[in-house]
Amino acid sequence: MEHKEISQAVIGRLPRYFRFLGELKDEGVERISSQELSDIMNVTASQIRQDFNNFGGFGQQGYGYNVEYLYEEIGKILGLDKTHNLIIIGAGNLGQALANYTNFERRGFLFKGIFDCNPALYGKKIRCIEVRPMEEMETFIEDNEIDMAVLTLPKASAVEVAGRLAATGIRGIWNFAHVDLKVPERIQVENVHLSDSLMKLAYNINRSESDNFEGNF
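The model shown is predicted, which means the values in this text are computed figures rather than measured ones. (Residues numbered from 1 in each chain as written. Predicted model: local features only at pLDDT ≥ 70, side-chain atom pairs only at ≥ 80, totals over all residues. Heavy atoms only, no water.)

Counting its regular elements, the protein contains nine helices and nine strands. Viewed in the frame of its principal axes, the protein has a C-alpha envelope of about 60 × 55 × 35 Å. Taking the contacts inside the protein whose residues are at least 6 apart along the sequence as the reference set, 55% of them involve residues at least 24 apart. For the protein, the computed accessible surface area is about 13600 Å², with 49% contributed by carbon and sulfur atoms. Placing the 23 positive and 31 negative side-chain charges of the protein at their respective mean positions leaves the two points 1 Å apart. (Helix = DSSP H or I, 4+ residues; strand = E, 2+ residues; numbered from the N terminus. Contact = heavy atoms within 4.5 Å. Areas by Shrake-Rupley, 256 points an atom, 1.4 Å probe, with all protein chains shown as cover. Lys, Arg positive; Asp, Glu negative; His and termini not counted. Charge placed at Lys NZ, Arg CZ, Asp CG, Glu CD.)

Okay, here's the thing in structure tokens:
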């Protein structure tokens, strides 16, 4: 089958579809139309249909979408029908918070190890996961079939560690460091810049205040 290139905008909406459909499934909703889903998600019905058509459609004319089936199919597209073994690199506040977030396990993301360069943290357990020295990282990745790494490191350290990860069999990096990493194309990187998100929020607040101010004249 020919591989169809899907836009990042569509891919970016899939987790949100998955989340809303999961909530509907838990509420016992069996089927839903694109218009009803549109009303819930604030995405146009046309956009929803276009997004789903990238993967075959899923719906039936006159019936809409079977919620449980659509939920499962989107889960498969997102790779959530299989488990992913992860390690966290950086056992500071953010790294520990991510390790303690149990909802990841429900989605098949299993934290197997935590690594840090601070000897004072070695042996500390976070949800039964022991903090290990960085020197053990490569061997641990190989022995435990790790396919994703989570970076919660300072900028300079993240660049160095990414280079070490590139020499292993790692397939993906979830990067919280404030730097865009350059790694081989075989490694997928998702950059999460928390300050960027906060500045975007500040912009939207500022714009809203400006619009309200202008509307008063």
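Resuming the write-up.
Here we take up helix α3 (residues 45-53). Every buried residue of α3 is listed here: Ala45, Ile48, Asp51 and Phe52. An end-on view of α3 places all buried positions within 125 degrees of arc, on one side of the element. In this structure, the buried residues of α3 make contact with α1 (8-26), α2 (34-41), β2 (65-66) and α4 (67-77). (Buried < 20%, exposed > 50% of the residue type's maximum accessible area, 1.4 Å probe, protein only. Arc of directions from axis to C-beta.)

The grouping of Leu198, Leu201 and Ile205 at the surface amounts to a nonpolar patch, some 300 Å² of accessible area in total. Relative to the elements of secondary structure, isoleucine 205 occurs in helix α9 (residues 194-215). (Patch = residues over 30% accessible without salt bridge, like charges linked within 9 Å, V, L, I, M, F, W, Y side chains within 5 Å. Salt bridge = Lys/Arg side-chain N within 4 Å of Asp/Glu carboxyl O.)

To continue, consider the side chain of serine 34. Among the secondary structure elements, serine 34 is positioned in helix α2. Judged by relative accessible area, serine 34 falls into the buried class, the value being 11%. Polar side-chain contacts of serine 34 include one of 2.9 Å to the side chain of arginine 49. Residue contacts for serine 34: discarding those within four places in its chain leaves Ala45, Ile48, Arg49 and Tyr65. (Polar contact = N/O pair within 3.5 Å; in protein donor to acceptor, adjacent residues only side chain to side chain.)

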